[in-house]
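An overview of the molecular structure
One letter stands for each residue in the lines below.
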Amino acid sequence: METTKTRIAPDPRPPAIEIRRLTKDYPLGFGRWRLRAVDDLSLTVAPGQIYGVLGPNGSGKSTTLKVLLGLITPSAGECYLNGIRSDDPAARRAVGFLPEVPDFQRFLSGRELLRFHARLCGVPRVGRETRIAELIDQVGLKGAADRHLSTYSKGMIQRLGLAQALVHDPAVLILDEPTAGVDPLGAEAISALILDLKARGKTVLLCSHLLTQIEEICDRVAILHRGRLLAEGSLVGLLGQGDRQSLVIEPLAAEELADLREWLASRGRKILGVDSLPVRLDRFFSRAVTQAENEAGVKGAAGSLRP
Amino acid sequence: MNDSLPFSLGRVGVLAGNAFREAVRHHVFRFMTLFAVALILGCLGLGELNFGESEAKFIADFGQGALVLFGSILTIGTAVQWLGGDGEPRAVLTVLAKPLRRSEYVCGRFLGTWMVVLVFCALVTALLVGVLWTRTPAASVEAMHEAPLVGLGGVSLAGVAVAGALQAVKFGLLTAMVLLIASFAQTNLFALSVSALVLVICHLQYLARDSWQAGQGWIERLGGSLVGLVFPNFQLFGGGEWLEVGVGVSLVAAGRVAAYGLAYTAVFLVLAVWSFRRREI
């Protein structure tokens, strides 16, 4: 019998993000002392992935992102965005960036700011206003779009920051703490938005302190510490399949549990522990607020953000 | 740096428009314009304090003073904010992360700031001309019908307009100098202080030039020549000599001063671009 081997064709596209042996030192004062923020870091993010970068404060996450965006110069090594060196402004044509705690010109309205960024990115005049209106709606700022940014809350500024990163429909998104200052409902909606972007073939590089968020949406993660790469890989690869399983079932009566133990014992298995599973606080919060909003008939409020 | 993105005047225009919109809505512009207008209108009631000058000459000098003082504050106050604030300039992070060259950013900020100052100069000069017109004796107005824009109460209207235009050129130069300082300053306070110091040096530059020409020792001459060359002479932009009727406005001389200002502006702008190119944000 003739056998055929199925070969997976290699992706002809260059990696969406490639960091090669990146080192970044910051000078300290006038002496020769230097602070090493990133130390010999290498990472590759394939197109279409959601890639999480984790690390405590001062681990070099933001510095790495800034080098990627050409905002600072590396001391050694190089970075590429879609195959173009990141110190070339042309590399940023297909990149959207949301910094950690963004800040904008306070005397502009949300719509004006998005229009400015859209024009800067060369979004064609035809369809520009429609795109801006869509984004405003998407990030839940419909009622505040024509107000000055000085009247925006921290969470609204964050959501506007996300909109400006998406305004030219980039293939790669670099998000530094996208849920900082956003309420749990907004954070959940941002996670949904990121998953929707992945479904549309976008690549997302995400820095976050929210481990749950990273775990829920990322395909791969890298853990940085003092500028060095501690671990890198897919979540399954890093966390492993484990040698235990959990079954989530409705509560059992004492005799039912005893029967189950007996049944498992007859097969050489045993129950290692029985816990009642609490509802996660974020899910409880989300359910309670959504219910309250539905009851009050609030529709399209500032808190609603949908993909 | 590996730049394959061509320089775009379109992006410079977008950046300039945004800088203009932002600055014109800022309190600094509103307050400086308000103060200048109040000072010019206020001098109408100070006719008795004219120190022996004609009332029109007194108003013209007062108006020029308001233009110079508040225009300088407006220029420094607006240009110094181009990196968005102290510490990490977060307001520019999202802009510089877009596909644009740093030189486009500097040029856009320069043009936007200069446009604001031009609007200020045009408003104050127009108001000054209007006030002079209202204070003109009827006889002078009749004379004006025969020779328009020649003079009102001993003050040349053309001279007022040319002096206003030269101040606008000077503020453009000051904008470029402040942008250069802000391109390496780590805090707004530093940029503000150094800019104010530079403004004073430029107004007193003629003293350095004098010591260069008449200095005895080589150190004095060298120091004088360096200050004289590095810092432009802001006294040249006064235009006060053309305010009086009869002196006659020399457009050639005014053009020469404007060319001097524009040449220095180009040099400082190139230096600001060079300095900002490697700035770590």
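In what follows, the accompanying structure is described. Fair warning: this is a prediction, and the values are worked out from it, not measured in the lab.

1. Focus: the interface of chain A and chain B
With 34 residues of chain A at the interface, the matching set in chain B holds 31 residues. Buried surface at the junction of chain A and chain B, summed over both partners, amounts to about 3200 Å²; 58% is from carbon and sulfur atoms. On the chain A side of the interface with chain B, the three residues burying the most area are A:Leu71, A:Phe107 and A:Leu120, jointly 23% of the side's total. The tally of links between chain A and chain B comes to 2 salt bridges. With a shortest N-O distance of 2.7 Å, B:Arg25 and A:Glu112 are connected by a salt bridge. At the boundary of chain A with chain B, the tally comes to 12 residue pairs in polar contact (both at pLDDT 80 or more). When residues of the side of chain A that touches chain B are traced back to their parent elements, those giving at least two are strand S1 (17-27) and helix H2 (110-120) of chain A. Ranked by residues supplied to the side of chain A that touches chain B, first place goes to H2(A) with 5 residues.

2. A word on the layout of surface pockets
Considering only enclosed or pocket space, the largest pocket measures out at about 1100 Å³ in volume. Along its surface, the largest pocket is lined by 23 residues, and A:Ser246, A:Leu247, A:Ile271, A:Gly273 and A:Val274 are the ones closest to its centre.

3. Considering the pattern of salt bridges
All names here are of chain A. Under the criterion given, the structure shown has 20 salt bridges over all chains. With a shortest N-O distance of 3.9 Å, arginine 200 and aspartate 169 are connected by a salt bridge. Here aspartate 169 lies in the loop between helix H4 (154-166) and strand S7 (172-176) and arginine 200 lies in the loop between helix H5 (184-199) and strand S8 (203-207), a separation of 31 residues in the sequence. Overall, the relative accessible area of 45% leaves arginine 200 in the partly exposed class. Note on aspartate 169: relative accessible area 39%, which makes it partly exposed. In the salt-bridge network here, residues are joined through shared partners; they are Glu18, Arg20, Glu78, Arg85 and Asp87.

4. Describing the sheet that holds S1(A)
Taken together, 4 strands build an open sheet; the order of strands is S2-S1-S4-S5 (chain A) and the sheet is antiparallel. With partners counted over all chains shown, the strands left at the sheet margins are strand S2 (34-45) and strand S5 (84-85) of chain A, one partner each.

5. Details of the sheet that holds strand S6 (residues 95-98) of chain A
Residues and elements named next belong to chain A. One open sheet holds the 6 strands; their spatial order is S6-S7-S8-S3-S9-S10, and the pairing between them is mixed. Here the strands that pair on one side only, and so sit at the sheet edges, are S6 and strand S10 (228-234). Averaged over all pairs of adjacent strands, the angle between their axes in this sheet comes to 15°, without regard to strand direction. Looking at chain direction, S7 and S8 are connected through 5 bridges and run parallel. In the sheet register, leucine 173 faces S8, and the bridge partner there is valine 204. Seen against the sheet, H5 touches strand S3 (50-54), S7 and S8 and runs at an angle of roughly 135° to S3.

Reading the values: rules and limits
Residues numbered from 1 in each chain as written. Chains lettered and ligands numbered in written order. Predicted model: local features only at pLDDT ≥ 70, side-chain atom pairs only at ≥ 80, totals over all residues. Heavy atoms only, no water. Contact = heavy atoms within 4.5 Å. Buried area = accessible area lost by both parts, 1.4 Å probe. Salt bridge = Lys/Arg side-chain N within 4 Å of Asp/Glu carboxyl O. Polar contact = N/O pair within 3.5 Å; in protein donor to acceptor, adjacent residues only side chain to side chain. Helix = DSSP H or I, 4+ residues; strand = E, 2+ residues; numbered from the N terminus. 1 Å grid on protein atoms, 1.4 Å probe; cavity = no way out; pocket = protein on both sides within 12 Å on 5 of 7 lines; lining within 4 Å. Points joined across faces, edges and corners; volume = space filled by probe spheres on them. Buried < 20%, exposed > 50% of the residue type's maximum accessible area, 1.4 Å probe, protein only. Pairing = 2+ DSSP bridges. Axes fitted to C-alpha atoms, helices over the stretch in contact; angles between N-to-C directions.

What is shown is where atoms sit, not what they do.
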